[in-house]
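An overview of the molecular structure
Residue strings, one per chain:
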Amino acid sequence: MTAAVDLTHCSCVAIIPARGGSKRIKHKNIRLFDNIPLIAHSINTAMKSNCFDAIVVSTESDEIAAVAEQYGALVPFRRPKALADDFIGTTPIVQHALQALSELGANPTSCCCIYATAPLMSAEMLRQAKATLLADDTVDFVFSACEFSFPIQRALLTDSHGGVVPFDPESIGKRSQDLVKTYHDAGQFYWGMTNAFLAPQPAVFGPRSRMHLLPDYLVADIDTEADWRRAELLYRLLQQESA
């Protein structure tokens, strides 16, 4: 566990959840991605953004904790096993981390939950989203999002006999440009005011939230080996483009 550090002056922290029990991709959070552990990309980007007084990793795994500390993150507490299974959402993990930090003397006014699986995230994204959060006191959350590449109203389903049925029969014949645009969570970061995260029922996806929209080539949900390969290809292309 991280040696004692003074957290009393932290006004803004990054919280990176990283459990050790990934099943579909073993040891996903610390598997090498472009020659460094996947979580290290999130840590490095958070550092480059200069948005945070501290970058904290929430984990129950000693192995992940050691890697996180190697790359400059703090691991001042361990996440309870009860918050490290397949069924726990992100918000309870952020709430636990904020409460644990409070016990250590840190009471940030804002924080950003950053996924350990976000190698396509950039420092500029974090800075822009933070600016959106702090510019308007009616905004509690700002999160990365992306427009669906195909209208979901024209999705198709299969029936019990293997036949095809429209998801939305009224929309299936309409032109794409006549349908309402829809978006999805990009699974990279979630900025929020601390008091909003600690509310009894935080509404991360609610009227006091804003989306930081990203193009689909900057979004990669890494849950399978195919996802991993696609993310690596996108990452390398982006690195070549910025070289």
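Before any of the text, the structure's been laid out above.
Residues numbered from 1 in each chain as written. Predicted model: local features only at pLDDT ≥ 70, side-chain atom pairs only at ≥ 80, totals over all residues. Heavy atoms only, no water.

1. A word on the sheet that holds strand S1 (residues 12-17)
With mixed pairing, the six strands of this open sheet are ordered in space as S4-S1-S5-S9-S6-S10. Taken across any chain shown, the strands that pair with only one partner, and hence form the sheet edges, are strand S4 (54-58) and strand S10 (209-214). Neighbouring strand axes in the sheet, compared pairwise and without regard to direction, differ in orientation by 25° on average. When strand S5 (residues 110-114) meets strand S9 (residues 183-193), the two strands line up antiparallel, connected through five bridges. The residue of S9 that forms the bridge with Cys 112 is Trp 191. Relative to S9, helix H4 (residues 123-135) is tilted by about 60°, and along the sheet it contacts S1, S5, strand S6 (141-147), S9 and S10. (Pairing = 2+ DSSP bridges. Helix = DSSP H or I, 4+ residues; strand = E, 2+ residues; numbered from the N terminus. Axes fitted to C-alpha atoms, helices over the stretch in contact; angles between N-to-C directions. Contact = heavy atoms within 4.5 Å.)

2. Brief notes about the pairing of S1
Of all the six residues making up S1, six are buried; the element is thus mostly covered by neighbouring parts of the structure. Alignment of S1 against S5, held across four bridges, turns out to be parallel. Within the sheet, the bridge partner assigned to Cys 12 lies in S5 and is Ser 110. In terms of strand pairing, S1 meets S4 through five bridges, oriented parallel. Bridge pairing links Ala 14 to Ile 55 in S4. (Buried < 20%, exposed > 50% of the residue type's maximum accessible area, 1.4 Å probe, protein only.)

3. Quick notes on the packing of aromatic side chains
Here the distance between the centres and the angle between the planes together describe a pair of aromatic rings. Within the structure shown, the criterion is met by seven aromatic pairs. Ring plane angle 80° and centroid distance 5.5 Å describe the contact between Phe 33 and Tyr 235, whose orientation is recorded as edge-to-face. Residue Phe 33 is located in strand S2 (residues 32-33), and its partner Tyr 235 is located in helix H6 (residues 225-242); the two are separated by 202 residues in the primary sequence. For the pair formed by Phe 33 and Tyr 235, the shared burial category is buried. Pairing Phe 143 with Tyr 190 gives two aromatic rings, centres 6.5 Å apart and planes at 25°, and the pair type is stacked. On the criterion of sequence distance, the pair formed by Phe 143 in strand S6 and Tyr 190 in strand S9 is long-range, its members being 47 residues apart. A single burial state applies to Phe 143 and to Tyr 190, both of which are buried. By way of ring pairs, the aromatic residues Tyr 115, Phe 143, Tyr 190 and Phe 205 are connected into one cluster. (Phe/Tyr/Trp six-rings, centres within 6.5 Å; stacked < 30°, edge-to-face > 60°.)

4. Some remarks on the packing of helix H1 (residues 38-49) against H4
Any two packed helices are characterised by the angle at which their axes cross and by the distance between the axes. It is the contact of H1 with H4, at a shortest axis distance of 8 Å, that shows an interaxial angle of 55°. Considering their axes alone, H1 and H4 lie oblique with respect to each other. Regarding H1 and H4, the two cross each other, and that crossing is right-handed. Across the interface between the two elements, Thr 45, Ala 46, Lys 48 and Ser 49 of H1 pack against Ala 123, Leu 126 and Arg 127 of H4. For the contact of H1 with H4, the residue count by class is three nonpolar, two polar and two charged. (Parallel < 35°, antiparallel > 145°, perpendicular 65-115°, else oblique. Left-handed = near helix turned anticlockwise from the far one by under 90°. Nonpolar A, V, L, I, M, F, W, Y, C, P; charged D, E, K, R; others polar.)

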